[in-house]
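Topology and contacts: notes
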Amino acid sequence: MGRLDGKVAIVTGAARGVGRGHALLLAQEGASVVVNDLGGEWDGSGADQRPAQQVVEEIEAQGGTAVANYDDVADWEGGQRMINQAIETYGSLDILICNAGILRDRMTFNMTEEEWDSVIRVHLKGHFVPLRWAATYWREKNKETGQPVDARVVLTSSESGLFANPGQLNYDAAKSGIATMAVVLARELGRYGVTVNAISPRARTRLTENTFGNRPSSEGDFDDRHPDNVAPWVVWLCTDAAAHLSGQNFVVGGGNVQLVSGWRVENAIESPQRWTLDELDTKWQDLFGDLPTAPAPRRAGTVAPAPAASTD
Ligand code: NAD
């Protein structure tokens, strides 16, 4: 008996890296899995159906059930096709893991319009489009049955988006937006019985080889940065045990799961009328007290740019 027997899951970007681990573990726990991946390069160029097909074959070799989908996650019709494929092939959709992603790192003063657009498109629109069609399906199902649909969504943010990594303005903006999407969607979809959470992985994949390149020195040691280490928390979020968790952000890597909290009001200054600039010259300091007035150049623990990326 698996914890997800009878469930139907979609994992986007599931042919490689972190997403492949999610797909394999979901299938091991009994879910039927739609393995989505257009099979592009790390920067989003190109397409190849073989990587997604290989993951399907791996799942089937383990005795699991899977089908490949090669749609671009950010394509409006493609996203709808992917959701429909799950429903038509396996009879429902219970789990959506939005994971597909690319990098086009560059300092802002060197970033091209195309580098900005492509990253914003794949991450932000590539989360929105499948979610749009899945949410429509779950709302209709809830109306028809009058019952909570008991569905799960896991989004993929990044520590770069949460903690602001220089050289990745496009990526950080998208990933920060995704962290907030988890909270918005949890509020929108909770009434239908859908939980929505986001994770920020820490794993050695082609996107992070420079950052997490070191492998364990001796065979048998725990490989702290193996991409498959991220899957247990993601899959656990999809089980009955996590039915009460929604709108949360987690950093996940190795054997470590961190709960991350969001923006909060630190201090306030108030005036009974519109401020004058002269008044603000003296009162602004009350907002900060001992707090720093500018961020440190780079915060420790964030994910550095991709292997081939230029940040100069
Ligand atoms: P990866 O390159 O190994 O896997 C990403 C997969 O997404 C690839 O197989 C790629 O073909 C697919 N993909 C890209 N664009 C697509 C599109 N438009 N439609 C369908 N599939 C598409 O990278 P990864 O490290 O496993 O990254 C997975 C996710 O985790 C990404 O969203 C990434 O930004 C995020 N992330 C990873 C790390 C890390 O440490 N590896 C850190 C923070 C965030």
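Please read all numbers here as calculations on a predicted model, not as lab measurements.

Cut-offs applied
Residues numbered from 1 in each chain as written. Predicted model: local features only at pLDDT ≥ 70, side-chain atom pairs only at ≥ 80, totals over all residues. Heavy atoms only, no water. Near = heavy atom within 4 Å. Polar contact = N/O pair within 3.5 Å; in protein donor to acceptor, adjacent residues only side chain to side chain. Areas by Shrake-Rupley, 256 points an atom, 1.4 Å probe, with all protein chains shown as cover. Helix = DSSP H or I, 4+ residues; strand = E, 2+ residues; numbered from the N terminus. Nonpolar A, V, L, I, M, F, W, Y, C, P; charged D, E, K, R; others polar. pLDDT = per-residue confidence, 0-100. Contact = heavy atoms within 4.5 Å. Buried < 20%, exposed > 50% of the residue type's maximum accessible area, 1.4 Å probe, protein only. Pairing = 2+ DSSP bridges. Axes fitted to C-alpha atoms, helices over the stretch in contact; angles between N-to-C directions. Phe/Tyr/Trp six-rings, centres within 6.5 Å; stacked < 30°, edge-to-face > 60°. Lys NZ or Arg CZ within 6 Å of the ring centre and 35° of its normal. Salt bridge = Lys/Arg side-chain N within 4 Å of Asp/Glu carboxyl O.

1. Let's talk about the site of the ligand
Contacts to the ligand come from 31 residues, most closely from Asp37, Asn99, Tyr171, Thr205 and Arg206. With respect to the ligand, the backbone of Val18 contributes an N or O atom lying 2.8 Å from an oxygen atom. Between the ligand and the protein, one listed contact pairs an oxygen atom with a side-chain N or O atom of Lys175 at 2.9 Å. For the ligand, the accessible surface in isolation is 820 Å², of which the surrounding protein chains cover 99%. Counting residues per element, the ones that place at least two in the shell around the ligand are α1 (17-28), α4 (113-145) and α6 (169-189). When its residues are assigned to classes, the shell around the ligand shows 11 nonpolar, 13 polar and 7 charged.

2. Some words on the confidence of the model for the protein
Per-residue pLDDT for the protein has a mean of 93; in total, 95% of the residues score no lower than 70. Mean pLDDT values for the elements of the protein range from 96 in helix α5 (residues 159-163) up to 99 in strand β4 (residues 95-97). Below a pLDDT of 50 lies the segment residues 299-312, which in the model reaches 41 contacts outside its immediate sequence neighbourhood of four places, other chains included.

3. Notes on the pairing of strand β7 (residues 249-253)
Remark: a regular strand shows side chains that alternate across the two faces of the sheet. The element β7 is extensively covered by neighbouring structure, given that 5 of its 5 residues are classed as buried. Side chains Asn249, Val251 and Gly253 project from β7 onto one buried face, and the interleaved Phe250 and Val252 project onto a second face that is buried too. Relative to β7, strand β6 (residues 194-201) runs parallel, the two sharing 4 bridges. Within the sheet, the bridge partner assigned to Ser200 lies in β7 and is Val251. Pairing of β7 with strand β8 (residues 256-260), which is carried by 5 bridges, proceeds in the antiparallel orientation. Within β8, the residue paired with Phe250 across the bridge is Leu259.

4. Brief notes about the sheet that holds β8
Pairing between the strands of a sheet comes from backbone hydrogen bonds, and it takes one of two forms, parallel or antiparallel. The sheet built from 8 strands is open, its strands ordered β3-β2-β1-β4-β5-β6-β7-β8 with mixed pairing. Taken across any chain shown, the strands that pair with only one partner, and hence form the sheet edges, are β3 (65-69) and β8. Shown here is a sheet whose adjacent strand axes are inclined to one another by a mean of 20 degrees, direction ignored. Sheet topology places strand β1 (residues 8-11) next to β4; 3 bridges connect them, and they run parallel. Counterpart to Ile10 in the pairing with β4 is Leu96. α1 rests against β1, β2 (32-36), β4 and β6 of the sheet, and its axis sits at about 170 degrees to β1. Of the strands in this sheet, β5 (151-156), β6 and β7 touch α6, which is tilted by about 165 degrees from β6.

5. A few points about the packing of aromatic side chains
Per the stated rule, a full pass over the model turns up 5 aromatic pairs. Centroid distance Trp233 to Phe250: 5.0 Å. Interplanar angle 65 degrees. Geometry classified as edge-to-face. Taken together, the residues Trp233 in helix α7 (residues 231-237) and Phe250 in strand β7 connect sequence positions 17 residues apart. Comparing Trp233 with Phe250 shows no difference in burial state: the two are buried. On the numbers, 5.9 Å between centres and 65 degrees between planes, the contact of Trp284 with Phe288 is edge-to-face. Separated by 4 residues within a single helix, Trp284 and Phe288 lie in helix α8 (residues 277-288), roughly one turn from each other. Take Trp284: its relative accessible area is 35%, and that puts it in the partly exposed class. Take Phe288: its relative accessible area is 28%, and that puts it in the partly exposed class. Put simply, the rings of Trp76, Phe128 and Trp133 touch in pairs and so form one group of aromatic residues. The cationic tip of Arg132 hangs over the ring face of Trp133; the distance from NZ or CZ to the ring centre is 4.5 Å.

6. Here we look at unusual backbone geometry
Note: most residues except glycine have negative phi, and most peptide bonds are trans. Of note in the backbone geometry, Asp150 takes a positive phi value of approximately 55 degrees without being a glycine. Turning to its location among the elements, Asp150 is positioned in the loop between α4 and β5. Phi at Ala164 is positive, roughly 75 degrees, even though this residue is not glycine.

7. Concerning the pattern of salt bridges
Applying the stated criterion to the full structure yields 14 salt bridges. For Arg152, the salt bridge identified is with Asp150, shortest N-O distance 3.2 Å. The residue Glu266 makes a salt bridge to Arg264 at a minimum N-O spacing of 3.2 Å. When its relative accessible area of 45% is taken as the criterion, Glu266 is described as partly exposed. Counted as one network, the salt bridges with shared partners bring together Lys7, Asp150 and Arg152.

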